[in-house]
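Examining the three-dimensional arrangement
Spelled out from the first residue to the last, the chains are:
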Protein chains: 2
Amino acid sequence: MRDLAPAGLKESDLHPALGEPELDSVRFLNEIMKRHPGAISFAPGAPHTAHLDDLDIGALLDTFRAHLRERRGLAPAAADRLLMEYGPSRGIINDLVAGALRLDHGIDVPDDAVVVTVGAQEAMLLVLRALFASAGDLLAVVNPCYVGMTGAAHLLGIPLVPVGEADTADRAGGSGGDGMPGLDRLEEACRRARAGGRRIRALYVAPDFSNPSGVRLDLATRRRLLRLAAQEDFFLLEDMAYGFTAGPAEGLPTLKSMDEDGRVVCIGTFAKICLPGARVGFAVADQPVRGADGTTRPLADHLAALKGMVTVNTSPICQAVIGGMLLAAGGSMAVIGRERAVTYRRNLALLLRELDRQVAPALGAAPPVTWNRPAGGFFVRCRLPVRADTALLETCAAEHGVLWTPMSAFYVGPGGDREIRLSCSYLDPGEIREGVARLAGFFGTLAAPGRAAPPD
Amino acid sequence: MRDLAPAGLKESDLHPALGEPELDSVRFLNEIMKRHPGAISFAPGAPHTAHLDDLDIGALLDTFRAHLRERRGLAPAAADRLLMEYGPSRGIINDLVAGALRLDHGIDVPDDAVVVTVGAQEAMLLVLRALFASAGDLLAVVNPCYVGMTGAAHLLGIPLVPVGEADTADRAGGSGGDGMPGLDRLEEACRRARAGGRRIRALYVAPDFSNPSGVRLDLATRRRLLRLAAQEDFFLLEDMAYGFTAGPAEGLPTLKSMDEDGRVVCIGTFAKICLPGARVGFAVADQPVRGADGTTRPLADHLAALKGMVTVNTSPICQAVIGGMLLAAGGSMAVIGRERAVTYRRNLALLLRELDRQVAPALGAAPPVTWNRPAGGFFVRCRLPVRADTALLETCAAEHGVLWTPMSAFYVGPGGDREIRLSCSYLDPGEIREGVARLAGFFGTLAAPGRAAPPD
């Protein structure tokens, strides 16, 4: 049966989203990790497993069921069933999520402005689908960009407009990568789109330690961005994933908490703060939408309707796991996040320290390898003097036993050919030290005089 | 903050999928059920809760974790972590699903032909997205059609071609609604599409007791359909949701098990057999797809890649719940399904018997209300002598305390204005008896001479 393909099915017969290079990159990374099980991998952006080992799924479900009985007045059998049956597309822990956003972020929206989704990924897909109604609607993204957002746009056929990040002064021992002076370019892109009869409908931005580049927007840039969104009439799709890793008293307000005229739709995930296996995320969309009959419902209602066409509803079992964690933390995401942030801040500081200690001295005055110094998040961006493609990664894995992610997969259009992403979230301190030692050896071969750089 | 909508956001600014009438219908049903909590509802197609009350989620997770340790050789901590971390987009219970399909249905595909999805809904979205690559690709659906499939098509902007079901001789005491003599119409639709420079890329069909009409394809029709798919070069998207409700020795082979040249992509769900709250479904797509480099991968690989853009992966916690159920049933879906089918067959037989007993005698020789007699599934279709819209439903709920689903929401294009769907899956026998008594009273008002039928 399997040898016969109807009409000889070819990859080019399938949807063009499947031809996007980031898919090959993901596949290649998975394969190379399997081929080099002994390599130290700076590739995965997954949360550290230490925080998972303490979790007891059964106990979390019990906590949530007790909440259903005691606070929502459900009979025991009804509480048990709520986890097993279909549920509303909008979710069953919307009150807890809205409560946490209020408590932790000063984002004050009613429960019905929240949609609980299958990870941030589904939230991205739903928000794009709702807001992008015509072929002339363009999505601007800060470039390089998280592949989940570009993937969702490819799947829906939404054209992308990359807006370059600041050319921050990355160097060994250099300053951080704050700010996004690409705002002028964004304004120009809006004008160009309008001149061509199209429009920038939204900008996707992760203001806090973005994946992949670790960049953070300073407060002034956040304000300018909100003003620009109002001036040019576009939405801001704010990805909150890594904000929790900011140091004590170093947190900056989310765009959503500064949003005075409904420009911001928030996208969040519990994967990094709680656990990825629950696959629970959310969108916050309190924008009122006027129907043909004059009534008004929040944009979140429409996202929930679209969710009915994607996953119907987020598993109530999974929502109960996250609900149980929130309840155990007094209703706060930040309480959970603060504890976990200790690990990530330690790892990031160690990675930067080890790069300074083991790599920088070997590089001399005109370093051919530079990196940025994010103040939080999971990621550090390195610039190499050579093309950082999968062939180089293969060599690095085989000869030096260390893995990283080529950055070009994160760029919309050309870019990042000589950049790599180092993630420190999944590793232990010993692995980071040894991994940087291996990187230093690898970088040394790139810097060695007489070694020809591969053609770019 | 909430009173300000950017540029006065209107429903018409959002994606057109949100304007589809079935969404209003779903919303209306939810609202009317809340407004009439005492009404007996023949609306929900959800599985009966009796089968949920025996389930112990914690115990099922333990069963699956034991399997990971004992059969897959994972250390205890690794088994625990597998449920909490990210996982492969294709799933972690693919071997169990493939094993059950082999055991229960004679569908013999390798594990890597299976993608585990967030319910059948995500499987529908992924299969459509992969196969529909150009604006000239049309999706044929048997009309009336499950709204999950039409919804996914609307979301992706895929044009629909409705193919009418047989005009079966529904009547009180009449024969079943077997067969789909719409095949001629389907062939004609293929020709018409080709003449217009387009093509029917696939037909969505639920061969066993389809939602909403309960129709089942007989064996000869299944064979003709497979031949037609080969002749006209289209795929069959086979929805397996209700096949398990066939009586002992009454099961017909799935299209996939009869598929000799890779025409069939199977879509399944564990929502009805196991529990909806796990949100686990699957697609079976063993078709080889040739890449530009000459290598071949199953279509399922491409579905998994697209899944990365929709939900990343199906929660391993949820997969473990289903995996635990399959393991406890000796690896068989059919073993679980057979036990549950007893309830549904009892309910369906009772619903038909009560309609015969309470409704038919009152109708006389020229019955203005008729219904079909499905041999399985959750649904019975009734035809009324008046327009069965939400206004009539509102009257019926208020005056007779019984609810049903207007069928027009399931029709692509016009149709079903005088039809309703009765679902018996969620009710107990006493509720079915009393519900039919209330329906009889309601039907009586429609048949009463002198009562003007609402305008059609």
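Presented here is a report on the structure given in the accompanying data block. In every chain, residue numbers begin from 1 and rise along the written sequence. Going through the entries in the order they are written, you letter the chains from A and number the ligands from 1. Only residues with pLDDT of at least 70 get local features here, since the model is predicted, and only at 80 or more are side-chain atom pairs given and counted; chain-wide, interface and lining totals rely on the full set of residues. To get the side-chain values, all heavy atoms of the structure are used, and hydrogens and water are removed first.

**Describing the overall build of chain A**
Secondary structure elements are taken from DSSP: a helix is a run of H or I of four residues or more, a strand is a run of E of two residues or more, and numbering for both begins at the N terminus. Helix and strand counts for chain A come out as 14 helices and 15 strands. Counting only C-alpha atoms, chain A reaches 75 × 60 × 55 Å along its principal axes. Using a 1.4 Å probe on the protein chains alone, a residue whose accessible area is under 20% of its type maximum counts as buried, one over 50% counts as exposed, and one in between counts as partly exposed. The 456 residues of chain A split such that 60% are buried. Reported accessibility uses the Shrake-Rupley method at a 1.4 Å probe radius. Residues are deemed covered only where the shown protein chains occlude them. Carbon and sulfur atoms form 52% of the exposed surface of chain A, whose accessible area is close to 15,800 Å². Charged residues are defined narrowly, with Lys and Arg counted positive, Asp and Glu counted negative, and His plus the chain ends left uncounted. Here the site of a charge means atom NZ of a Lys, CZ of an Arg, CG of an Asp or CD of a Glu. Where the 48 positive side-chain charges of chain A centre and where its 53 negative ones centre are 1 Å apart.

**Description of the interface of chain B and chain A**
Reports of interface size often rely on the accessible area that becomes lost once the parts have come together. For this analysis, residues touch if any pair of their heavy atoms sits within 4.5 Å. At the junction of the two partners, chain B supplies 84 residues and chain A supplies 84 residues. Here the buried area means the combined drop in accessible surface, using a 1.4 Å probe, for two parts upon being joined, counting both sides. In total, about 7,700 Å² of surface goes out of reach between chain B and chain A, with carbon and sulfur atoms giving 65% of it. Salt bridges, as used here, are contacts in which a Lys or Arg side-chain nitrogen is within 4 Å of a carboxyl oxygen on Asp or Glu. At the boundary of chain B and chain A, one finds 4 salt bridges. The salt bridge partner of Arg81 of chain B is Asp53 of chain A, with a shortest N-O separation of 3.1 Å. For the purposes of these results, a polar contact is taken to be a pair of N or O atoms within 3.5 Å, where, inside protein, one atom must be able to donate a hydrogen and its partner to accept one; residues adjacent in sequence count only when each atom of the pair is a side-chain atom. At the boundary of chain B with chain A, the tally comes to 28 residue pairs in polar contact (both at pLDDT 80 or more). In terms of residue count, the dominant contributor to the side of chain B that touches chain A is helix H6 (residues 119–131) of chain B (6 residues). Note that Gly is not counted as nonpolar here; it falls among the polar residues with everything else outside the nonpolar set of Ala, Val, Leu, Ile, Met, Phe, Trp, Tyr, Cys and Pro and the charged set of Asp, Glu, Lys and Arg. For the side of chain B that touches chain A, the per-class residue count stands at 48 nonpolar, 14 polar and 22 charged.

**Observations regarding the sheet that holds strand E15 (residues 419–423) of chain A**
Residues and elements named next belong to chain A. Strand order in the open sheet made by the 4 strands is E11-E12-E15-E14, with antiparallel pairing throughout. Each edge of the open sheet carries a strand with a single partner, namely strand E11 (370–371) and strand E14 (405–406). Relative to E15, strand E12 (residues 379–383) is paired through 5 bridges, and the arrangement is antiparallel. Across the sheet, residue Cys382 finds its bridge partner in E15, namely Ile420. Strands are treated as partners if at least two bridges between them are detected by DSSP.

**So, the packing of helix H1 (residues 21–35) of chain A against helix H13 (residues 390–400) of chain A**
Residue and element names in this part refer to chain A. Where H1 meets H13, the closest approach of the two axes is 11 Å, and the angle between their N-to-C directions is 15°. Judged on the interaxial angle alone, H13 and H1 are roughly parallel. The two elements H1 and H13 cross, and the hand of that crossing is right-handed. From H1, Phe28, Leu29, Ile32 and Arg35 reach across to H13, where they touch Thr390, Leu393, Glu394 and Ala397. Residue composition of the contact of H1 with H13, by class: 5 nonpolar, 1 polar and 2 charged. Structural elements are reduced to axes, namely lines fitted to C-alpha atoms, with helices fitted over the stretch in contact, and the angle between N-to-C directions of any two is expressed from 0 to 180 degrees. Angles are sorted into four bins: roughly parallel if under 35 degrees, roughly antiparallel if over 145, roughly perpendicular if 65 to 115, and oblique for all others. A crossing counts as left-handed when the near helix is turned anticlockwise from the far one by less than a right angle, and as right-handed when that turn is clockwise.

**Considering the sheet that holds strand E5 (residues 199–205) of chain A**
Residues and elements named next belong to chain A. Strand order in the open sheet made by the 7 strands is E2-E8-E7-E6-E5-E3-E4, with mixed pairing throughout. At either margin of the open sheet sits one strand with a lone partner, and together these are strand E2 (114–117) and strand E4 (160–164). Each neighbouring strand pair of the sheet contributes to a mean axis angle of 20°, computed without reference to strand direction. Summarising the sheet, strand E3 (residues 137–143) and E5 pair through 5 bridges and their orientation is parallel. Bridge pairing links Val141 to Tyr204 in E5. Contacts between helix H7 (residues 147–156) and the sheet are confined to E3, E4, E5, strand E6 (235–239) and strand E7 (264–269), with E4 contributing the most and set at about 155° to the helix.

**Some points on empty space enclosed by the protein**
Residue and element names in this part refer to chain A. Throughout, the protein atoms alone are placed on a 1 Å grid, and a set of points is a cavity if a 1.4 Å probe fits but cannot get out or a pocket if it is open with protein on both sides within 12 Å along at least five of seven lines; lining residues have an atom within 4 Å of a point. Grid points are joined across faces, edges and corners, and a volume is the space filled by probe spheres set on the points. Per the counting criterion, the structure on display carries 3 cavities of 30 Å³ or more. When its volume is computed, the largest cavity comes out at roughly 110 Å³. Lining the largest cavity are 13 residues, with Val142, Pro144, Val205, Ala206 and Ser210 positioned closest to its centre. Reported here for the second largest cavity is a volume of approximately 70 Å³.

**Describing the pattern of salt bridges**
Residues and elements named next belong to chain A. Tallied over the full model, the rule gives 60 salt bridges over all chains. The salt bridge involving Arg224 is made with Asp184; its shortest N-O contact spans 3.8 Å. Of this pair, Arg224 sits in helix H9 (residues 219–232) while Asp184 sits in helix H8 (residues 183–195), and the two are 40 residues apart along the sequence. A salt bridge links Asp261 to Arg263, with the shortest nitrogen-to-oxygen separation between them at 3.6 Å. Accessibility expressed as a relative area gives 5% for Arg263, which makes it buried. Through salt bridges with shared partners, one network takes in Glu187, Glu188, Arg191 and Arg192.

**So, the relation of the copies chain B and chain A**
Our superposition of the copies is a least-squares fit, built on the C-alpha atoms of residues whose pLDDT is at least 70 in both. Each copy of the sequence occupies a distinct position, and chain B is placed on chain A by a rotation of 180° and an axial shift of 0.0 Å, giving an RMSD of 0.0 Å. The transformation just described matches what one would write down for a two-fold rotation axis. If distances are taken from each C-alpha of chain B to the rotation axis, the shortest is found for Gly58 of chain B, at 2.8 Å. The overlap is high: 100% of the interface residues of chain B also sit at the interface in chain A, so the same surface is used on both sides.

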